[in-house]
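# Working through the structure, step by step
Single-letter residue listing:
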Amino acid sequence: MPIPGNMLSAVAEMVDPNTSGWTALLNATVSPGTGGRNGDGCLSVKSVASGEMRARTTSSYPVTESTVYQALGDASGATVPERIGIRWLTAANTEISITWSLTTATASTSWHRISVAGPAPVGAVRAQIVVSATTGAALVVSYFENFYLGLPIRTTGNMISFAAESPETDTSAWAAEANGTLGRQAPNVSWAVNFLTIGGHVWALTATAAGNASALCTERAPVVPGTDYMAACYLNPPASGSAVWIELRYYDAAGTQLTTARSTLAAPGTGFYRQRASAPAPAGAATCSVAVGITGATAGQVTRFETVSIGPPPQLVAGTVLPYADAGFEMGTGGWTRQSGVATLARSTPWGTGGEGSYCLVITSATATTSVIRSPRYQLTDPGLPHRLRIVEQNAVGTWQVGMAIRWYDAANNDLGTHSWVPVAVPTAAGWWGFTLSSDPPPAGATQAAAELTLVALSAGASLRVDMVTLWQALQAIESQVTEETGSATLTLRDLPIGDLLRVYRLDTAGNRTLVRGPNGLWDGTDLINTDTLRIEDYEAPLGVPFGYRAEFIDPVTGLIEWREAGVRTIPWPDINRAWLKDPGNPQRNLTVTVAAQPSWTRPIDQAEYTVKSRRNKVILSGLRNGLEGEVQVWTSSDAERERLNWLLDAGGVLLWQTGPGAGVGNLYLNVSASGESREGPAQDPVRVWTLPAVEADMPVTTGINGSGGRTWQDILSEFATWGDVLTAFASWEDVLLNRRKT
């Protein structure tokens, strides 16, 4: 599967079906290998004699001075460690320099990541990937595959820069804070072939003396008080019993530290484990940062960490009022407390026992009795609406019955009672089981709510796991609305079955169905649902006529289908002399135009005529009659409209021509050939008449709607120091949206 954003061809990336994307550079021969993971092929690099051997990409790729680029791959070799580099070239393909990674710590036959990043130096206009290993003999072989060259691969939504996220460039964004030195290493670590935010380098914090040691990120990200944030990284403890941790720290505008949220790893071994720390920003907070450390280190112990991020925590359910610390139990038991009974609360151990994330809440009862536990109180965003409480549970030891309740409070913290569900048995079958309580509207005066669980242990020593606790407004499961200004409709789906396949139809009044477009093409039942709430913008909905939607959820194992339908909507279309011209894949380019003349259409047909002797009429053999062909004539009334129409036409793809009812067109997909533009009046008159030769086309089925895909303004703030840097990197705001930098 090609890596998104890769400048390399699929052949150079995967080394499939041949090695044409690679060539020897120094003391080496290259040949095809097998046993790769990104396709079966891999690159075999064999030394000609002892010494360093190198191979490089056959092609070079355009780069921009001072822009940071990343190169990565996976390596395997029984004899010698490897490194990877970016070879910078002039316009004449003369080498300027090579930015090298560290050499991996040891040789390893397991596929392990090698990676490096750095800015293109002055004079660099092109770049190549170089791989290298130094051997002590001839005919030594190293294997490589899964190559990438492009902009750094980032954690989505990360509020700190790439230099603070990954040590692929250097360690400048971090500093030793207490009792330690900070360096960079390149251990052999095997990662999933498609897990690309992880790199080849790690930070290494070495304790100077016995005691506590820590390192602090020198960058600080802006925060909003009351908003939930999460810091995360991969931690590698020096020993399985080492107390290594990550800490999210909040600061006021003067830089004074206000609060911290620490999360200590319960390591099952000495690998790399993702650890999270989360807490809402306190009152007065202006920025945050992240620290990593070890408690009770011995002198010389090394704590390694990698892929650091600060951003919003996982959205377990859209609109949940529980902060992540109380819902996911990654740091401990959160704010949950026992109200009655003998049950004890603890975070699960070791790492990896959670339903979501790495941990969960473990409730243990020494006797067969009933206990009640309760969360803190949370502010309701709309106290007039019904709410839902959801948990996932798993029997660990013994058997349990669990009851759920939402307890309401007024602004003075007075208890207003509960909406509850009597205890029911937790299934004893393996796996996690979800339970949801739907409430009536809260009582009058309610402004806060708490989640409450009644836990009935049916045997002494019983143990129950709980995770992913969410409390949110019970909004409509499906709803739609229209926006006249953009000629579009929006379909919102909530409480979706994650893991099912999604198919979405637009329905007309006759019951005809048309698939709706999404980011990967049409929502045709081939895309997995990975979020509980989905907002679909439909720019191809008809104008001036009623339509509705049907969403189908398909179980990928059984094929069973559940469905929902949204009510009928109509996009207003008051002016019959106006029409929409739309790009199905780039709705930001859509525009309305004035129709200069209603088009006249022809429908050509392939025919062969035969004159038969002694027969009056010819014999004519016909093919299938083609679609419409003709000319669309429109006016633009200003230079801005003229530029917008040129922008729309520039892509050269299939367009959608839309008119309201009564114009005889409706929705028509067109291929437009050479466009003509003429003036009706004098040269200074901005009015233009456009003639667009058009041929009817099929609705494009594989074209997806372009978008930011999780990219936000925070990514721009993290990656660029000034707006001048943004202007240098991007040619247009559309390029900023789609992260298409200048080459």
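Structure's up top.
The notes below deal with the structure included here. (Residues numbered from 1 in each chain as written. Predicted model: local features only at pLDDT ≥ 70, side-chain atom pairs only at ≥ 80, totals over all residues. Heavy atoms only, no water.)

## Remarks on the overall build of the protein
To be explicit about the condition: The numbering of helices and of strands both runs from the N terminus, where a helix is a DSSP run of H or I of at least 4 residues and a strand a run of E of at least 2. Partly exposed residues are those whose accessible area sits between 20% and 50% of the maximum for their type, while under 20% is buried and over 50% is exposed, using a 1.4 Å probe and protein chains only. In this description, contact between two residues means that some pair of their heavy atoms is separated by no more than 4.5 Å. In this description, accessible areas are obtained by the Shrake-Rupley approach with a 1.4 Å probe, and a residue is regarded as covered only by the protein chains that are shown.
The helix and strand tally for the protein stands at seven helices and 53 strands. Relative to its 743 residues, the protein shows a buried fraction of 48%. Sequence-distant contacts, at least 24 apart, represent 72% of the contacts inside the protein between residues at least 6 apart. Per element, the accessible surface of the protein, about 31,800 Å² overall, is 52% carbon and sulfur.

## What to know about helix α4 (residues 639–650)
Let me state the cut-off plainly: Helices are assigned an expected span. That span is 1.5 Å times one less than the residue count.
The first and last C-alpha atoms of α4 sit 16 Å apart over 12 residues, in line with the 16 Å expected at 1.5 Å per residue. If you follow the buried residues of α4, they end up packed against β44 (578–582), β45 (591–597), β49 (629–636), β50 (655–658), β51 (667–672) and β53 (688–696). Positive backbone phi, approximately 75°, marks glycine 652, located one or two places after α4.

## Quick look at the sheet that holds strand β41 (residues 534–538)
Where we set the bar: For two strands to be treated as a pair, DSSP must find at least two bridges joining them. Helix axes are fitted to C-alpha atoms over the stretch in contact, other axes to C-alpha atoms as well, and angles between N-to-C directions run from 0 to 180 degrees.
The three strands lie next to each other as β34-β35-β41, forming an open sheet whose pairing is antiparallel. Of all the strands in the sheet, just β34 (478–483) and β41 have a single pairing partner and so form its edges. The mean inter-strand angle of the sheet, taken between neighbouring strand axes irrespective of direction, is 20°. Pairing of β34 with strand β35 (residues 488–493), which is carried by six bridges, proceeds in the antiparallel orientation. Within β35, the residue paired with glutamate 479 across the bridge is threonine 492.

## Looking at the pattern of salt bridges
Rules: A carboxyl oxygen of Asp or Glu within 4 Å of a side-chain nitrogen of Lys or Arg is what we treat as a salt bridge.
A complete count under the given rule lists 32 salt bridges for this structure. For arginine 407, the salt bridge is made with aspartate 415, and the minimal N-O distance between the two is 2.9 Å. Arginine 407 sits in the buried class, given a relative accessible area of 15%. In this structure aspartate 415 comes out as partly exposed when scored by relative accessible area, which is 42%.

## Describing unusual backbone geometry
Following aspartate 16, the chain continues into proline 17 via a peptide bond in cis, with omega recorded as 5°. Turning to its location among the elements, proline 17 is positioned in the loop between α1 (10–14) and β1 (22–26). With an omega of 0°, the peptide bond between threonine 349 and proline 350 qualifies as cis. If you trace the backbone, proline 350 turns up in the loop between β24 (344–347) and β25 (361–365).

## Let's talk about the packing of aromatic side chains
Convention followed: Pairs were defined over the aromatic rings of Phe, Tyr and Trp, the Trp ring being its six-membered one, requiring ring centres within 6.5 Å. Orientation was assigned from the angle between planes: stacked under 30 degrees, edge-to-face over 60, tilted for the rest. Note on criteria: charge over ring means Lys NZ or Arg CZ within 6 Å of the ring centre, with the direction from the centre no more than 35 degrees off the ring normal.
Across all of its chains, the model carries 18 aromatic pairs by this definition. Look at phenylalanine 720 and phenylalanine 730: their rings are 5.7 Å apart centre to centre, the planes differ by 65°, and that puts the pair in the edge-to-face class. Of this pair, phenylalanine 720 sits in the loop between α5 (713–719) and α6 (723–729) while phenylalanine 730 sits in the loop between α6 and α7 (733–738), and the two are 10 residues apart along the sequence. You'll find phenylalanine 720 and phenylalanine 730 in the same group, each marked buried. Members of the aromatic cluster, joined through ring pairs, are Trp191, Phe195, Tyr234 and Phe272. Geometry around tyrosine 251 places arginine 220 over its ring, the cationic atom sitting 3.5 Å from the centre. In this structure, arginine 347 packs its charged tip against the face of tyrosine 359, placed 3.8 Å from the ring centre.

## Concerning the nonpolar core
Nonpolar side chains tend toward joint burial in soluble globular proteins. Put simply, the rule is: Grouping buried Ala, Val, Leu, Ile, Met, Phe, Trp, Tyr and Cys residues that are joined through side-chain atoms within 4.5 Å yields what is termed a nonpolar core.
Core analysis: the biggest nonpolar cluster contains 39 residues, and Trp174, Leu248, Tyr250 and Phe305 have the highest contact counts within it. Taken together, the elements giving at least two residues each to this core come down to β14 (202–207), β15 (211–217), β17 (228–236), β18 (243–251), β20 (273–280), β21 (287–297) and β22 (302–311). Per-element tally for this core: the top contributor is β21, with five residues. Residues Phe329, Trp336, Ile406 and Ala446 belong to the second largest nonpolar core, which totals 36 residues.

## Points about a nonpolar patch on the surface
As a reminder of what qualifies: Patches in this entry comprise residues that are over 30% relatively accessible and not in a salt bridge; like charges within 9 Å are linked, as are nonpolar side chains (Val, Leu, Ile, Met, Phe, Trp, Tyr) within 5 Å.
A cluster of nonpolar side chains, contributed by Trp713, Trp723 and Trp733, occupies part of the molecular surface with about 450 Å² of accessible area. Structurally, tryptophan 713 is set in helix α5.

## Brief notes about the side chain of serine 488
Definition in use: By the criterion applied in these results, polar contacts are pairs of N or O atoms within 3.5 Å in which, for protein atoms, one can donate a hydrogen and the other can accept it, and in which residues neighboring in sequence qualify only through two side-chain atoms.
Note on placement: serine 488 falls in strand β35. Note on serine 488: relative accessible area 4%, which makes it buried. Within the local environment of serine 488, its side chain forms a polar contact with the side chain of threonine 486, the two groups lying 2.7 Å apart. In this structure serine 488 touches Val482, Thr483, Asp538, Tyr539 and Ile571, once residues within four positions along its chain are discounted.

## A word on the state of the cysteines
Going by this rule: Cysteine sulfur atoms that come within 2.5 Å of each other are treated as a disulfide pair.
Applying the stated criterion across every chain, the model contains zero disulfides. Here cysteine 233 stays free of any disulfide, with the sulfur of cysteine 217 as its closest cysteine sulfur at 11 Å. When its relative accessible area of 0% is taken as the criterion, cysteine 233 is described as buried.

## Details of the environment of tyrosine 250
Along the chain, the position of tyrosine 250 falls in strand β18. Take tyrosine 250: its relative accessible area is 1%, and that puts it in the buried class. Separated by 107 residues in sequence, tyrosine 250 and tyrosine 143 place their C-alpha atoms 45 Å apart. From its side chain, tyrosine 250 meets the backbone oxygen of alanine 279 in a polar contact 2.5 Å long.

## Re the sheet that holds strand β31 (residues 433–438)
With respect to topology, five strands assemble into an open sheet ordered β24-β25-β33-β28-β31, the strand pairing being antiparallel. Looking along the sheet, the strands with just one partner apiece sit at the ends: β24 and β31. Geometrically, the sheet is characterised by an average inter-axis angle of 30° between neighbouring strands, direction not taken into account. Bridge analysis of β25 against strand β33 (residues 462–473) gives five bridges, and the strand direction is antiparallel. The residue of β33 that forms the bridge with threonine 364 is serine 463.

## Looking at the side chain of serine 214
Tracing the sequence through the fold places serine 214 in strand β15. Note on serine 214: relative accessible area 6%, which makes it buried. Among the polar contacts made by the side chain of serine 214, one reaches the side chain of glutamate 177 at a distance of 2.6 Å. Ignoring sequence-local partners within four residues, the contact set of serine 214 consists of Ala176, Glu177, Ala178, Leu205, Trp245, Val292 and Gly293.

So far we have only geometry, and geometry alone does not tell us how the molecule works.
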